[in-house]
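Structural overview for review
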Amino acid sequence: RPPALRPPRALALADKVANRREQPTEATCITEMSVMMACWKQNDFNDAPCAEEIRMFYDCVAKAE
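Looking at an unreviewed UniProt entry, the chain carries the name CHCH1 protein, with the source organism given as Erythrocercus mccallii.

What to know about the overall build of the chain
A count of helical and extended segments in the chain gives two helices and zero strands. Taken over C-alpha atoms, the radius of gyration comes to 25 Å for the chain, far larger than the 11 Å a tight globule of 65 residues would show. By principal-axis analysis of the C-alpha atoms, the chain measures approximately 75 × 30 × 15 Å. Of the roughly 6,700 Å² of accessible surface on the chain, 54% is carried by carbon and sulfur atoms. In the chain, 9 positive and 10 negative side-chain charges are present, and the distance between their average locations comes to 22 Å.

Some remarks on the pattern of salt bridges
Between side chains of opposite charge, a pair can form as their charged atoms come close. The final tally for this structure, using the stated rule, is two salt bridges. For Arg 55, the salt bridge is made with Glu 52, and the minimal N-O distance between the two is 2.4 Å. Note that Arg 55 and Glu 52 are positioned in helix α2 (residues 51-64) at a spacing of three residues, about one turn of the helix. By relative accessible area, Glu 52 is classed as partly exposed at 43%.

Section: the UniProt feature "domain: CHCH" (unreviewed entry) in the chain
UniProt's entry tags residues 29-63 with the feature "domain: CHCH" (unreviewed entry), counted in the numbering of this structure. Between the end C-alpha atoms of residues 29-63 the distance is 10 Å, and the span holds 74% helix and 0% strand.

Calculation notes
Residue indices follow the written sequence of each chain, beginning from 1 at its first position. Two thresholds apply to this predicted model, a pLDDT of at least 70 for residue-level local features and 80 or more for giving and counting side-chain atom pairs, whereas whole-chain, interface and lining totals are computed over all residues. Each side-chain value is worked out from all heavy atoms of the structure, with water and hydrogens disregarded. Helix and strand assignments come from DSSP, with helices taken as H or I runs of at least 4 residues and strands as E runs of at least 2, each series counted from the N terminus. Note that the radius of gyration is over C-alpha atoms, with the globule rule given as 2.2 Å times the number of residues to the power 0.38. Surface exposure here means Shrake-Rupley accessible area, sampled with a 1.4 Å probe, where a residue is shielded only by the protein chains that are shown. For the purpose of counting charges, residues Lys and Arg are taken to be positive, whereas Asp and Glu are taken to be negative. His and the chain ends are not included. Working definition for charges: the position is that of NZ of Lys, CZ of Arg, CG of Asp or CD of Glu. The rule for a salt bridge is simple: a side-chain nitrogen of Lys or Arg has to be within 4 Å of a carboxyl oxygen of Asp or Glu. Three labels apply to residues, based on accessible area from a 1.4 Å probe with only protein chains included: buried if under 20% of the type maximum, exposed if over 50%, partly exposed otherwise in between. UniProt positions are given in the numbering used here, feature names are shortened, and annotations may be inferred rather than shown by experiment.

See below:
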């Protein structure tokens, strides 16, 4: 039985592949975010006692970008 759809070109592999940059699938700054959220939870979501953890998280985000 012949195929219902005919390909527009012959089915063959190309000599080259597309040059795409793979995006990292791994999330960044997870540890810093976890530490910051744990600090917030211990201090009833008050930013003042967690200033160092917040700064570390923002530094990590800036470096990742």
